[in-house]
Structures are given as structure tokens and as C-alpha cells.
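Here is what each chain is made of, one letter per residue.
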Amino acid sequence: MRVGILTISDLGAAGERADTSGDAIVAWAKERGYEVALRGVVPDESDRIAGVLARIAGMLARWADSGDVDVILTTGGTGLTERDVTPEATRGVLERPAPGIAEALRASAAPHFPRAWLSRGVAGTRGKTLIVNLPGSTGGVKDGLAVLQGFLDHAVELVTGTRTAHG
Amino acid sequence: MRVGILTISDLGAAGERADTSGDAIVAWAKERGYEVALRGVVPDESDRIAGVLARIAGMLARWADSGDVDVILTTGGTGLTERDVTPEATRGVLERPAPGIAEALRASAAPHFPRAWLSRGVAGTRGKTLIVNLPGSTGGVKDGLAVLQGFLDHAVELVTGTRTAHG
Amino acid sequence: MRVGILTISDLGAAGERADTSGDAIVAWAKERGYEVALRGVVPDESDRIAGVLARIAGMLARWADSGDVDVILTTGGTGLTERDVTPEATRGVLERPAPGIAEALRASAAPHFPRAWLSRGVAGTRGKTLIVNLPGSTGGVKDGLAVLQGFLDHAVELVTGTRTAHG
């Protein structure tokens, strides 16, 4: 499985601090034998929200259409502040929503972390690429990856057409 | 209660195998004293996806508008392959979404079957008809019907106007 | 926190019975030290559904845009009867959906009240105001407020910009 990792962050892009959430996804991918094929950071400058949205959408679309990745995991920008526009950018490029994946991420984390309900993340497919929004915090990313593990391989097989059985 | 059953399947339509998921809905309906008023199959030919989508949407709209059914249960086409277009077809004919019904189907099945989160099914109303997408597998259908049992009678009373109290 | 309370009801508006659901929100707000800044009732006359929808949407937009409230809680009109149009009115004025809040309300109530899955309520933000649809019944309102308590303060801090960290 070829993974793309897109971090949306006000700090990581400027290099003021490490992209620890993106790093957590890289570590997870390596542990599972996945290839990290693409990685990027979009800075979420608070004074240019429309531009941030367009940059996220542009990268998601380009990555998905490149054929270089089977799944794109984003981290960051799913919250309730006015700068959080990752769900809007993602919805704009998705061809088919998979709401259950976003529900899974929230419902699975909420019992021990009620604020997980506040993530506005979405998920779905564009062409043969699955796109999933993860939270921005490193803890949220790890929780989310643990949930995805239950069905991600199967999901990607269906999306890429490796497996044709469908429900 | 008058039930319509629409199977979306690549096999059932061609008669290559029995429509066991549709049969499971029929058995459930009879057991509960519901009338199976309409039943149909749309073959999901992989080379004509747009046509399949249009056929599903057309049948859902015609059935709902006929006044012959109180609830339409679909089975199949809710997954992540490119041929799975039942949610798109259904969304196109719904007048009012009832997202909680789709959430219930996923959340209730997921504890023992994590892949249930991958179903992209939707639910909602068109006129006085409730439409619910169930998964394609016979096991998924049975799990879904068990969940629906907790609120379907009440839901249909509200949709058809038999009961006017509302929440 | 400044709270707006909007009741959608066929009875409360006509004064035929007390607005007990709205009263329950007032009691909850006072207990928690919140200010009830705005309160209103929209009667959901069954013969003027489009007008009811427009009135709900108009009040939500005006309240949110006034800067007088940080959160608007609605009660009523989220069900499956043809008169229930609160979700449609709310979706029309939301700028950014927060689907997890609506999922939380349903998923948390459903274990002891399966019909909670039938609520079609939505949630999200308009400008710096959070809007959440609660059910119409007093019991449903109380259940919903208990769920909101787990994350509402934090959510409003994010929406209003009091807290700038984001996920």
C-alpha cells in the first residue's frame, strides 16, 4: 500500500516545531510495511484561509490523480476554529463520501476522549484513492490509525480494484 | 407496513445465483407481518456505472411516488468499489436525509464486524416513503434488519403520518 | 457563555402548553452559569411548512449574525414527520458542518432509547456561533445536554476564538 501524508499545521510548515503527527503516521506505515510515497505540509496561515483551503484541495486532487498513492491520510485542520478548513477542502475533491470511516474515528475515540466528537473530519474516495482526515494532535492521529487498522487494508483493496467483491 | 425490496447485484440479476439477501428481507418481512409489495433487482454491470446509478434512482423514485410502499429497503452497492453507486442514487432521490439510521446500521454492526464502517449507505424520506440502504451481504442484511427492528415501526408511522407526534 | 434557545413546537407557540423543553435548557444554562441571551419559539403550523422552515432559518441566521450569542440550541422539529424541518433550516444557514456533534447526540442516547437514531438533527458553525439541534422532547433535551456537557465549553472556545489551538 502506497501512502500519502499531508500535514495541515500552523507550526510544522514554518519549521518552528517538528511535524510529530506526520512522523507518527510515517512510523505506523513503516511498521506495517506500507510505502510512504508522498509527504507534504500545508501551513494554515490564519490570515489566508481561502488560500489554505485551495492549497489543501489542490494537493489532495493532484496526489489522488497522480496514481502514486492508494490512500492519503491528512492530519490537522479538522477542528472548530475558523482556520480549520481541511474537511471543506477534502469534501471539494471527493467523488464519493464514505461517512462511516469518519464516524468510526470519532465514535471509537469518544469513550475515552469526548472532544473527539468535535472533529469535523470526512473520508471518501477520489478515483482509485481513499482519502481520510485524521485529527491534528499526535494522540488523535495514533488513536485514529488504531481504528483504521481494523478495515484499511480491505478498504484499499476495494477502492483500488484489487478486490472486486463488494457489499 | 408495505415493504419494497430492491437488490443491487452483479449476480442476482443475471440469475447466476439466488438473491439470498433479498430473500432474507422477504423472510424477515413475513415473520413480522409486513407485506412485500414490490421487489426488484438492478444488475450492477461494471461497464455501465452511470446507467446502473440511473436505474437505481429511477426505481426508487417510481416506487416511492407510487404510493404502494411505506418503506424501501435496498441491498447491495453500498461499498467502496467503483461499481458501488447505491448511496449516490439514493441521495439523488431523497428529499430529507435521516443520517442517524445509516449511523445506527454501521455503529451497531461495527463492534463485531469493523468493516461495517465501510458501508456508505444512506437513509431518508421521499414523500411518505422511508428509504434505507442495507449492505449487500446476507449477514449484513440480517444485522441491519435486527437494528432497524428497534425503531422501524415508529419511523414509518411518523413518515406516513399515521402518528403525528414528532421530536 | 451566551446561549440562544429556539423552540420549534406546534403547541408552545400557541401557548396551549408550556415550553417545557425550552425551560429545561434554561434551567441547565443557569445551573452552569451560562447567560440565556435570546429565547424564541417558532410554531410549526402543519399547513405552512415552507414558511416554518424560512422562519427557523431566519431566526438562526439573525441570532448568529447579531454577535449576541455564542451557541444556539434548538429543540423540536428534528423528527421524521413532514412538519419536521429544523435540520433543513439549520443546514441552510450553517457555514461549516460539525457532524460529530449530531452523531454524539444520537449515539449516546441510542443504547437506552433506540428511537434516538431517528433524530435528523445537525450541528455546525455560522461565523463565531455554534448551532446544535436537540430533539423536541424534554427527555431528549436533557439527554442531549448531558452529552454536550462533555465538550461544549471547549467547542465554544474554539468557535469564538477564545482558544486558538486546533485539531
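Residues numbered from 1 in each chain as written. Chains lettered and ligands numbered in written order. Predicted model: local features only at pLDDT ≥ 70, side-chain atom pairs only at ≥ 80, totals over all residues. Heavy atoms only, no water.

A.B. asks: Explain the sheet that holds strand β2 (residues 35-43) of chain B to me, please; I cannot follow it from the model alone.
C.D. replies: Hydrogen bonds between backbone atoms are what pair the strands of a sheet, whose relative direction is either parallel or antiparallel. All names here are of chain B. Strand order across the open sheet formed by six strands is β2-β1-β3-β6-β5-β4, with mixed pairing between neighbours. Strands with a single pairing partner mark the edges of an open sheet, and in this sheet they are β2 and β4 (96-97). Against the sheet, helix α4 (residues 99-109) makes contact with β4, β5 (123-126) and β6 (129-134), and its axis sits at roughly 30 degrees relative to β6, the strand it touches most. Packing of helix α5 (residues 138-148) onto the sheet brings it into contact with β3 (71-75) and β6, and relative to β6 it is tilted by some 140 degrees. (Pairing = 2+ DSSP bridges. Helix = DSSP H or I, 4+ residues; strand = E, 2+ residues; numbered from the N terminus. Contact = heavy atoms within 4.5 Å. Axes fitted to C-alpha atoms, helices over the stretch in contact; angles between N-to-C directions.)

A.B. asks: How do you make sense of the relation of the copies chain B and chain A when you look at a structure like this?
C.D. replies: Relating the two copies of this chain is a rotation about some axis coupled with a shift parallel to it. Mapping chain B onto chain A calls for a screw motion: a turn of 120 degrees about the axis and a shift of 0.0 Å along it, with 0.0 Å RMSD after fitting. Taken together, the turn and the small shift mark the pair as related by a three-fold rotation axis. Both copies present different contact surfaces, since only 4% of the interface residues of chain B are interface residues in chain A too. (Least-squares fit on C-alpha atoms with pLDDT ≥ 70 in both.)

A.B. asks: Help me understand the interface of chain A and chain C in this model?
C.D. replies: Quoted interface sizes are often the accessible area lost when the parts come together. In this assembly, 23 residues from chain A lie in contact with 22 residues from chain C. Summed over both sides, the interface between chain A and chain C buries roughly 1,800 Å², with carbon and sulfur atoms accounting for 59% of that surface. Taken as a group, L80, W117 and L118 of chain A account for 38% of the area that chain A buries against chain C, more than any other trio of residues on that side. Along the contact surface separating chain A from chain C lie two salt bridges. Note that K128 of chain C is salt-bridged to E82 of chain A, the shortest N-O span being 3.7 Å. The tally of links from chain A across to chain C stands at six residue pairs in polar contact (both at pLDDT 80 or more). (Buried area = accessible area lost by both parts, 1.4 Å probe. Salt bridge = Lys/Arg side-chain N within 4 Å of Asp/Glu carboxyl O. Polar contact = N/O pair within 3.5 Å; in protein donor to acceptor, adjacent residues only side chain to side chain.)

A.B. asks: Just checking my understanding: could you explain the sheet that holds strand β5 (residues 123-126) of chain C for this structure?
C.D. replies: Residue and element names in this part refer to chain C. Strands sit in the order β2-β1-β3-β6-β5-β4 across an open sheet of six strands; the sheet is mixed. Strand pairing shows two members of the sheet lacking a second neighbour, β2 (35-43) and β4 (96-97), which therefore form its edges. In terms of strand pairing, strand β3 (residues 71-75) meets strand β6 (residues 129-134) through five bridges, oriented parallel. Note on β6: the bridge partner recorded for L73 is V132. Across the sheet, helix α2 (residues 49-66) touches β1 (2-9), β2, β3, β5 and β6, and the angle it forms with β2 is around 165 degrees.

A.B. asks: Explain the interface of chain B and chain A here, please?
C.D. replies: Of the residues lining the interface, 23 residues belong to chain B; the matching set on chain A comes to 22 residues. The contact between chain B and chain A buries some 1,800 Å² in all, and 59% of this surface belongs to carbon and sulfur atoms. When residues of chain B are sorted by the area they lose upon contact with chain A, L80, W117 and L118 of chain B head the list and together hold 38% of the total. Across the chain B-chain A interface, the total number found is two salt bridges. For R106 of chain B, the salt bridge is made with E103 of chain A, and the minimal N-O distance between the two is 2.8 Å. Connecting chain B to chain A are six residue pairs in polar contact (both at pLDDT 80 or more). Of all elements in the fold, only α3 (86-93) and α4 of chain B reach the threshold of two or more residues within the side of chain B that touches chain A. Its residues placed into classes, the side of chain B that touches chain A shows six nonpolar, six polar and eleven charged. (Nonpolar A, V, L, I, M, F, W, Y, C, P; charged D, E, K, R; others polar.)

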